[in-house]
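Survey of secondary and tertiary structure
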Amino acid sequence: ALAVGGADEVLTHDGTDLSWAAVAAGGITEAEVWILGSDTTLNQAVIDFDTSYTGDGVGKIGTGLTNSSGIYSFPSTGYYKIEARASVTQSGTLNFQTIILNGQTTLNNSSYSDAQNSYSNMSYYGSYAQHCYVGCSFIFDVTDTTNCKFRFGIHGYQVSTYSDVIVKGDGALAESSLIVWRLGDT
């Protein structure tokens, strides 16, 4: 007789007999895109990507993150790749501005430390505000879903002072976005 294994089984041979054995499920078990729903003016503030994006064929795998005012929690432990992208324009008529996107993590649900910083520059040209794009990513080892969290902050810096920037958002597009993948077990 011929036995056929299931999709989650593999044929093994122990030296005497052939048999089917279960294998651990593999692949990505969580993947999600969050977007900023509308333009938001920020100055040294946390970006609150406010909606899970599912338009235009974008898929989602798993339970997904939980968001509380821009602080994100995980549905399960594991290694997660986290990537934020911000489309930024100036607020006002600044001559030169450095944009800083800052990814931060916490292991104790209290104090945050920098995981990644990214920088971009823009200048003001006549009566036209310039735009720039800034993004950063990191891999976070989430060992505790209650205490391991992350957030992204953004600010503009002109000469020696912090200043407002406008982070572009559109509820129908991923203009500024947060993308998270669970890569595997911790």
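Parameters and conventions
- Residues numbered from 1 in each chain as written.
- Predicted model: local features only at pLDDT ≥ 70, side-chain atom pairs only at ≥ 80, totals over all residues.
- Heavy atoms only, no water.
- Helix = DSSP H or I, 4+ residues; strand = E, 2+ residues; numbered from the N terminus.
- Contact = heavy atoms within 4.5 Å.
- Areas by Shrake-Rupley, 256 points an atom, 1.4 Å probe, with all protein chains shown as cover.
- Core = buried A, V, L, I, M, F, W, Y, C linked by side-chain atoms within 4.5 Å.
- Buried < 20%, exposed > 50% of the residue type's maximum accessible area, 1.4 Å probe, protein only.

Moving on: the overall build of the protein chain. Counting secondary structure elements, the protein chain contains zero helices and 16 strands. Counted over contacts in the protein chain with a minimum sequence separation of 6, partners at least 24 positions apart contribute 70%. Roughly 9,800 Å² of accessible area belongs to the protein chain as shown, and the carbon and sulfur atoms make up 49% of that amount.

Here we take up the nonpolar core. Formed by 30 residues in total, the largest nonpolar core has its most connected members in Ile82, Val88, Phe150, Phe152, Ile154 and Leu178. Sort the elements by how many residues they give to this core and strand β12 (residues 131–142) lands first, with six residues. The residues contacting isoleucine 82, other than those within four sequence positions of it, are Phe74, Cys136, Ser137, Phe138, Phe140, Phe150, Phe152, Leu178, Ile179 and Val180.

Moving on to unusual backbone geometry. At serine 69, a position not held by glycine, the phi torsion is positive, near 55°. On the secondary structure map, serine 69 appears in the loop between β7 (66–68) and β8 (71–73). Under the relative-accessibility criterion, serine 69 is labelled exposed at 60%. The residue asparagine 109 is not glycine, and still its phi comes out positive at about 55°. With respect to the element layout, asparagine 109 can be found in the loop between β10 (96–106) and β11 (113–123). For asparagine 109, a relative accessible area of 39% puts it in the partly exposed group.

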